[in-house]
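Remarks on the overall topology
Next come the chains, spelled out residue by residue.
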Amino acid sequence: MKYFSVLIVVLDQLSKFIVHSSMSLYDSFPVIPSLLDFTYIRNEGIAFGINFAGGKIFFIIFPILITFYLISLLKNKEFEDNSSQIALYLIIGGAIGNILDRIFRGYVVDFIDFHINGNHWYVFNIADSAVTIGLLFLLYSSIIIKK
């Protein structure tokens, strides 16, 4: 289970490399018509493209600090069950994937574009998915398993 975060980072960075090297910015193509497209965008902000002055440094340092905190939780007795461990590894892997983008590109590559009846959700990536799924696992573990 230790290498789960590494797997997330590798899949995330590989997918972003493929998108970045094979698509032009704002290019889009359907993967599942009327449901899923791959659309290449760059996110210089945080979640949902939120941005503010001085944010570039903040968006690197703050996630690094949170990642170290999450790594410390892996040894905490409250998080030793499998669900919590998987959740933390997912979140850590996703955080590292997006941190690497911010450090080496200055922005995060997003490309997964879900839409229904012309209504699009925010474009995201594998790292974002890992963080979201990890948070859901953590909630499940905290609320359901540890009643």
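No experiment lies behind these values; they were computed from the predicted model shown.

Along the protein chain, the regular secondary structure elements total four helices and four strands. Element order for the protein chain, N to C, with α for helix and β for strand: α-β-β-α-α-β-β-α. For the protein chain, the C-alpha atoms occupy an extent of roughly 45 × 35 × 25 Å along the three principal directions. In the protein chain, which comprises 147 residues, the share counted as buried stands at 37%. For the protein chain, the accessible surface area stands at approximately 9000 Å², while carbon and sulfur atoms represent 70% of it. Charged side chains of the protein chain number 10 positive and 11 negative; the gap between the two group centres comes to 9 Å.

Note on placement: Asn125 falls in the loop between β4 (119–120) and α4 (126–145). For Asn125, the side chain forms a polar contact with the side chain of Asn98, separated by 3.2 Å. With residues near it in sequence (within four places) discarded, Asn125 still touches Asp12, Lys16, Asn98, Val108, Val109, Asp110, Phe111 and Ile112.

On to the confidence of the model for the protein chain, then. For the protein chain, per-residue confidence averages 90 on the pLDDT scale, and 91% of positions sit at 70 or higher. At the low end of the mean pLDDT range in the protein chain sits helix α2 (residues 55–73), at 87; at the high end sits helix α1 (residues 4–22), at 97.

We now examine helix α3 (residues 82–104). For α3, which comprises 23 residues, the first-to-last C-alpha distance of 33 Å matches the rise-based estimate of 33 Å (1.5 Å per residue) to within 8%. Judged by how many residues are buried, α3 sits mostly within the fold: 17 of 23 residues are covered.

Running from N to C, α1 and α3 cross one another at 35°; their axes reach a closest spacing of 8 Å. Seen from above, α1 lies across α3 with right-handed handedness. From α1, Phe4, Ser5, Ile8, Val9, Asp12, Gln13 and Lys16 reach across to α3, where they touch Ile86, Tyr89, Leu90, Ile92, Gly93, Gly94, Ile96, Gly97, Asn98, Leu100 and Asp101. In terms of residue class, the contact of α1 with α3 is built from nine nonpolar, six polar and three charged.

A word on a nonpolar patch on the surface. Side chains of Phe29, Val31, Ile32, Leu35, Phe114, Ile116, Trp121 and Tyr122 sit close together on the surface and give an oily, nonpolar patch of about 770 Å² of accessible area. Listing elements by their share of the nonpolar patch, those giving two or more residues are β1 (28–32) and β3 (108–116). Look at Leu35 and you get partly exposed, because its relative accessible area is 32%.

Glancing now at the environment of Ser141. Relative to the helices and strands, Ser141 is located in helix α4. Classification of Ser141 as buried rests on a relative accessible area of 0%. Taking the C-alpha atoms as reference points, Ser141 and Gln85, 56 residues apart in sequence, are found 9.6 Å from one another.

A few words on unusual backbone geometry. Positive phi, close to 75°, is recorded for Tyr26, a residue that is not glycine. In this fold, Tyr26 is placed in the loop between α1 and β1. Residue class for Tyr26 comes out exposed when judged on its relative accessible area of 61%. Look at Ser34: it is not a glycine, yet its phi comes out positive at around 65°. Structurally, Ser34 can be placed in the loop between β1 and β2 (36–43). The class of Ser34 is exposed, set by a relative accessible area of 62%.

Each value, and the rule that gives it
- Residues numbered from 1 in each chain as written.
- Predicted model: local features only at pLDDT ≥ 70, side-chain atom pairs only at ≥ 80, totals over all residues.
- Heavy atoms only, no water.
- Helix = DSSP H or I, 4+ residues; strand = E, 2+ residues; numbered from the N terminus.
- Buried < 20%, exposed > 50% of the residue type's maximum accessible area, 1.4 Å probe, protein only.
- Areas by Shrake-Rupley, 256 points an atom, 1.4 Å probe, with all protein chains shown as cover.
- Lys, Arg positive; Asp, Glu negative; His and termini not counted.
- Charge placed at Lys NZ, Arg CZ, Asp CG, Glu CD.
- Polar contact = N/O pair within 3.5 Å; in protein donor to acceptor, adjacent residues only side chain to side chain.
- Contact = heavy atoms within 4.5 Å.
- pLDDT = per-residue confidence, 0-100.
- Expected span 1.5 Å × (residues − 1).
- Axes fitted to C-alpha atoms, helices over the stretch in contact; angles between N-to-C directions.
- Left-handed = near helix turned anticlockwise from the far one by under 90°.
- Nonpolar A, V, L, I, M, F, W, Y, C, P; charged D, E, K, R; others polar.
- Patch = residues over 30% accessible without salt bridge, like charges linked within 9 Å, V, L, I, M, F, W, Y side chains within 5 Å.
- Salt bridge = Lys/Arg side-chain N within 4 Å of Asp/Glu carboxyl O.

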